[in-house]
Amino acid sequence: MRSQLRSFRNLPMHVVCLCQERVISDEDTDEPVLHTPDLPGGSRGIAMGSVGIIGRIYSQEVKIRNKATKQVTTKWEDRLLVGPHEEYSTKDRTNALGSVVRRPTMPGIISVWNS
């Protein structure tokens, strides 16, 4: 698995890997301590070390106010957490995405990566 991950990293193109989330809990309190990619221990270290951006996608309800009618509506907005967080394994080697990317798209992330 390590050689495959390194081979994907060295390709002359952008590679996107998706994985489930593993919750590591405290044995005593059963409280979640860390949310990390669900990979085997040895592969997780190589995968997280060889990529440039690790993010966690989630949806958040957002209130939108219409200035003309002053009516408030709500909608769900996708967000990508890439900034440092004590509970989630995330990173951004570009340092250009900020902590949270609202309405993330792959072309937008790739353009930030290339600049």
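Scroll up a little and you will see the structure.
Residues numbered from 1 in each chain as written. Predicted model: local features only at pLDDT ≥ 70, side-chain atom pairs only at ≥ 80, totals over all residues. Heavy atoms only, no water.

Trainee: When you look at the overall build of the protein chain in this model, what are you seeing that I'm missing?
Mentor: When you go through the protein chain residue by residue, the secondary structure sums to 3 helices and 7 strands. From first element to last, N terminus to C terminus, the protein chain shows the α and β order α-β-β-α-β-β-β-β-β-α. The dimensions of the protein chain, computed from C-alpha atoms along their principal axes, are 60 × 45 × 20 Å. When contacts within the protein chain are restricted to residue pairs at least 6 apart in sequence, long-range pairs at least 24 apart make up 41% of them. Looking at the protein chain as shown, the accessible area adds up to about 8500 Å², and 51% of this sits on carbon and sulfur atoms. Within the protein chain, one finds 16 positive and 13 negative side-chain charges whose respective centroids are separated by 13 Å. (Helix = DSSP H or I, 4+ residues; strand = E, 2+ residues; numbered from the N terminus. Contact = heavy atoms within 4.5 Å. Areas by Shrake-Rupley, 256 points an atom, 1.4 Å probe, with all protein chains shown as cover. Lys, Arg positive; Asp, Glu negative; His and termini not counted. Charge placed at Lys NZ, Arg CZ, Asp CG, Glu CD.)

Trainee: In this structure, what is going on with unusual backbone geometry? I would like to understand it.
Mentor: When glycine is set aside, most residues are seen to have a negative phi, and most peptide bonds are trans. A positive phi angle, close to 55 degrees, is found at N95, a residue other than glycine. Position of N95 relative to the elements: it lies in the loop between β6 (91–92) and β7 (100–102). Accessibility expressed as a relative area gives 69% for N95, which makes it exposed. (Buried < 20%, exposed > 50% of the residue type's maximum accessible area, 1.4 Å probe, protein only.)

Trainee: Looking at this structure, I do not really get the pairing of strand β1 (residues 21–25). What am I missing?
Mentor: Both faces of the sheet carry side chains from a regular strand, because those side chains alternate between them. As paired elements, β1 and strand β2 (residues 32–37) share 5 bridges and run antiparallel to each other. Opposite E21, over in β2, you have P37 as the bridge partner. (Pairing = 2+ DSSP bridges.)

Trainee: I would appreciate a short explanation of the nonpolar core in the present structure.
Mentor: Taken as a class, soluble globular proteins show a tendency for nonpolar side chains to be buried jointly. In terms of nonpolar packing, the biggest core is built from 5 residues, these being L80, V82, L97, V101 and I109. Each residue touching L80, except ones within four places of it in the same chain, is listed here: G55, R56, I57, S99, V100, V101, P104 and I109. (Core = buried A, V, L, I, M, F, W, Y, C linked by side-chain atoms within 4.5 Å.)

Trainee: Please clarify how the side chain of S43 should be interpreted in this entry.
Mentor: Mapping S43 onto the fold places it in helix α2 (residues 41–50). Sequence-distant contacts of S43, that is, excluding residues within four places in its chain, are made with M1 and L5.

Trainee: Where do I start with the sheet that holds strand β5 (residues 72–81) in this structure?
Mentor: Sheet strands line up and pair through hydrogen bonds in the backbone, either parallel or antiparallel. Sheet architecture is open: 3 strands sit in the order β4-β5-β7, paired in antiparallel fashion. For this open sheet the edge positions go to β4 (56–65) and β7, each flanked by a neighbour on one side alone. Averaged over all pairs of adjacent strands, the angle between strand axes in this sheet comes to 35 degrees, irrespective of strand direction. Pairing of β4 with β5 involves 10 bridges; the strand directions are antiparallel. (Axes fitted to C-alpha atoms, helices over the stretch in contact; angles between N-to-C directions.)

Trainee: Please explain the pattern of salt bridges as it appears in this structure.
Mentor: Side-chain pairs of opposite charge can arise where the charged atoms are in close proximity. In this structure the tally under the stated criterion is 5 salt bridges. R56 is the salt-bridge partner of E21, the closest N and O atoms lying 2.6 Å from each other. With E21 in strand β1 and R56 in strand β4, the pair connects residues that are 35 residues apart, well separated along the chain. Note on E21: relative accessible area 35%, which makes it partly exposed. (Salt bridge = Lys/Arg side-chain N within 4 Å of Asp/Glu carboxyl O.)

Trainee: Looking at this structure, how should I read α2?
Mentor: Since the α-helix advances by 3.6 residues per turn, residues separated by three or four positions end up pointing in the same direction. Those residues of α2 that fall on the buried side of the exposure criterion are S43, R44, I46, A47 and S50. Contacts made by the buried residues of α2 are with α1 (2–9), β1 and β2.

Distances and angles like these do not, on their own, reveal function.
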